[in-house]
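# Fold and geometry: a report
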Amino acid sequence: YQRRVRGERNNMKFVIAYDGSQHAKEAIQYVLPYLKGNEAFVYVGFKPEIGMFSSQDEAQAELKAAADKATALAEEATSSITSIACSVLPVVRMLHYGSGGRSAGQELVECAEDLDADCIVLGTRGQGEIKSKVYGSVAQSVLFEGSSVPALIVHPGASATREVCGHSVLFAVDGSERSLDAVERGGKFVTEGDEVYFFHAMSKPEQFSVVGDFGGDFGPGMIVKNPNYEQECADLDALEKAIDAQARERLSRSSSTSRAFEQCHFMACDSESPAVGISQLQKEKNVDLVVVGTRGVTGMSRIWNGSLAHDLLHESEGFALLVTHIPSVPAPEGPSTMDPYI
């Protein structure tokens, strides 16, 4: 991973994946406010269904029909955003996934990187983890490709949440460079007057602990007070204030206007699952955009350690999920926290 230098370009480039489905249309509807004054590329991939025993003429006819259908879809989506973005271009590519272990998500990521895009936009069917594994999921594939381009994954109902409750953004932070970089990059999606929440999942200090074994062979247990409880609480409070200050500073870097920081709120959660805490806060505050950083690990490492981005992709709806892929960095010093950025 290398962070790309974009020079003095102030506008953003969006690559919008489109296939004509309802969830793809919802993704376009959600991203419309961000397209004003920016560039957009409507990406449509197609793969012709050519039979093994098809003649050359039949194969060419099938290829042309598939290309024409993809071009029509690209023009359909392009026409809906032409009046908003400063420039809109269709990108129609024939896919080669399935050969050499490639996936449709890899094709999309490669296109975005070729275009030096700032964000990939795509909708998700919200079909859950099991169906995603059985039927495949482009959103999940893009999420764990390790691309340097952030991915904006729009869940069903995200546009409705914003239309009814207004725009609000939640950043998952833990004080690491990974989460702070996600705040800075995601800050481009925050405008003046938006509600901003910094969410930190942590392990609270235990005031009391149990010594011994209740009802066991070693006699009754005893409940004793933690002698360092007050100091641990003070250290944790200092850590929270430091993370809040760092997050606000990084958010200000990506702001093109003076942002009202009194509308930034720091929310701490003592939860075994950061995804559960975020989901609860999202529903309570009607948040329509959640921003997280991820290391992009896959396979057994993701299963063993867990993944906040993966859980939010499959377990929630009614909001959009902006995922930034950040390289691994050392954890910050101080009280232990539950690092969800995996």
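Before reading further, recall that the structure is shown in the block above.
As a starting point, this report considers the structure included with it. Fair warning: this is a prediction, and the values are worked out from it, not measured in the lab.

### Notes on the nonpolar core
The biggest cluster of nonpolar side chains holds 50 residues, and the ones touching the most others in it are F14, L152, F171 and L289. Top element by residues in this core is helix 1 (residues 22-35). It accounts for eight residues. Excluding anything up to four places from it in sequence, L152 contacts Y30, V31, C119, I120, V121, L122, F189, L289, A320, L321 and L322. Of all hydrophobic cores here, the second largest spans 38 residues; its members include A151, A275, I278 and L312.

### Topic: the sheet that holds strand 5 (residues 151-154)
Strands sit in the order 3-2-1-4-5-12-11-6-7-10 across an open sheet of 10 strands; the sheet is mixed. The sheet is open, and its two edges are formed by strand 3 (87-94) and strand 10 (264-269), each paired on a single side. For this sheet, the mean angle separating the axes of adjacent strands, direction not counted, is 20°. Alignment of strand 4 (residues 119-123) against strand 5, held across four bridges, turns out to be parallel. Counted as the bridge partner of I120 is A151 from strand 5. Running at roughly 140° to strand 11 (residues 289-294), helix 7 (residues 177-186) makes contact with strand 6 (168-172), strand 7 (195-201), strand 11 and strand 12 (320-325) of the sheet.

### Describing helix 3 (residues 104-114)
Those residues of helix 3 lying buried are G105, E107, L108, V109, C111 and A112. Tucked inside the fold, the buried residues of helix 3 contact strand 1 (13-17), strand 2 (39-46), strand 3, strand 4 and helix 5 (138-143).

### Concerning a nonpolar patch on the surface
Nonpolar side chains collect at one region of the surface, where I50, L63 and M94 lie side by side and expose about 220 Å² of accessible area between them. Mapped onto the fold, M94 is located in strand 3. On the accessibility criterion, M94 (34% relative accessible area) is partly exposed.

### A look at unusual backbone geometry
Backbone geometry places D116, a non-glycine residue, at a positive phi of 55°. You can see D116 is positioned in the loop between helix 3 and strand 4. The class of D116 is partly exposed, set by a relative accessible area of 25%.

### Some remarks on the packing of aromatic side chains
Scanning the entire structure with this criterion turns up four aromatic pairs. A centroid spacing of 6.2 Å and a plane angle of 85° characterise the contact between F14 and F189, whose relative ring orientation is edge-to-face. One end of the pair, F14, is in strand 1; the other, F189, is in the loop between helix 7 and strand 7, with 175 residues separating them in the sequence. Within the aromatic cluster, the residues linked to one another by ring pairs are F14, Y30, Y34 and F189.

### Details of the packing of helix 1 against helix 6 (residues 158-165)
Packed helices, taken two at a time, are described by the angle between their axes plus the distance between the axes. Contact geometry for helix 1 and helix 6: axes closest at 8 Å, N-to-C directions at 45°. Between helix 1 and helix 6, the interaxial angle falls into the category oblique. Along its contact with helix 1, which presents E26, Q29, Y30, V31, P33 and Y34, the element helix 6 presents A158, S159, R162 and E163. Partitioning the contact of helix 1 with helix 6 into residue classes produces five nonpolar, two polar and three charged.

### Here we look at the side chain of Q282
Examined against the element boundaries, Q282 turns out to sit in helix 9 (residues 274-285). The class for Q282 is buried, based on a relative accessible area of 4%. Residues contacting Q282, with those up to four places away along its chain left out, are V287, E317, G318 and F319.

### A closer look at helix 2 (residues 56-81)
A rise of 1.5 Å per residue sets the reference length of helix 2, with its 26 residues, at 38 Å; its end C-alpha atoms lie 38 Å apart and thus fit the reference within 8%. Burial in helix 2 covers these residues: A59, A66, A70, L73, A74, A77, T78 and I81. Against the buried residues of helix 2 lie strand 1, helix 1, strand 2 and strand 3.

### Here's the deal with the pattern of salt bridges
Under the counting rule described, the total for this entry stands at 11 salt bridges. Here D244 ties to R248 by a salt bridge, and the two come within 3.0 Å at their closest N and O atoms. Taken together, the residues span about one helical turn, with D244 and R248 both in helix 8 (residues 229-253) at a distance of four residues. Overall, D244 belongs to the buried group, its relative accessible area being 16%. One salt-bridge network, held together by shared partners, links E177, E184, E249, R250 and R253.

### Quick word on the environment of A158
For A158, the location among the structural elements is in helix 6. For A158 and V287, which are 129 residues apart along the polypeptide, the C-alpha to C-alpha distance reads 9.0 Å. Ignoring any residue separated from it by four or fewer positions in sequence, one finds A158 in contact with Y30, D288, G318, F319 and A320.

### As for the side chain of N226
Residue placement: N226 occurs in the loop between strand 9 (222-225) and helix 8. A distance of 3.2 Å separates a polar atom in the side chain of N226 from a polar atom in the side chain of E232. Each residue touching N226, except ones within four places of it in the same chain, is listed here: E206, Q207, F208 and E232.

Definitions and limits used
- Residues numbered from 1 in each chain as written.
- Predicted model: local features only at pLDDT ≥ 70, side-chain atom pairs only at ≥ 80, totals over all residues.
- Heavy atoms only, no water.
- Core = buried A, V, L, I, M, F, W, Y, C linked by side-chain atoms within 4.5 Å.
- Buried < 20%, exposed > 50% of the residue type's maximum accessible area, 1.4 Å probe, protein only.
- Helix = DSSP H or I, 4+ residues; strand = E, 2+ residues; numbered from the N terminus.
- Contact = heavy atoms within 4.5 Å.
- Pairing = 2+ DSSP bridges.
- Axes fitted to C-alpha atoms, helices over the stretch in contact; angles between N-to-C directions.
- Patch = residues over 30% accessible without salt bridge, like charges linked within 9 Å, V, L, I, M, F, W, Y side chains within 5 Å.
- Areas by Shrake-Rupley, 256 points an atom, 1.4 Å probe, with all protein chains shown as cover.
- Salt bridge = Lys/Arg side-chain N within 4 Å of Asp/Glu carboxyl O.
- Phe/Tyr/Trp six-rings, centres within 6.5 Å; stacked < 30°, edge-to-face > 60°.
- Parallel < 35°, antiparallel > 145°, perpendicular 65-115°, else oblique.
- Nonpolar A, V, L, I, M, F, W, Y, C, P; charged D, E, K, R; others polar.
- Expected span 1.5 Å × (residues − 1).
- Polar contact = N/O pair within 3.5 Å; in protein donor to acceptor, adjacent residues only side chain to side chain.

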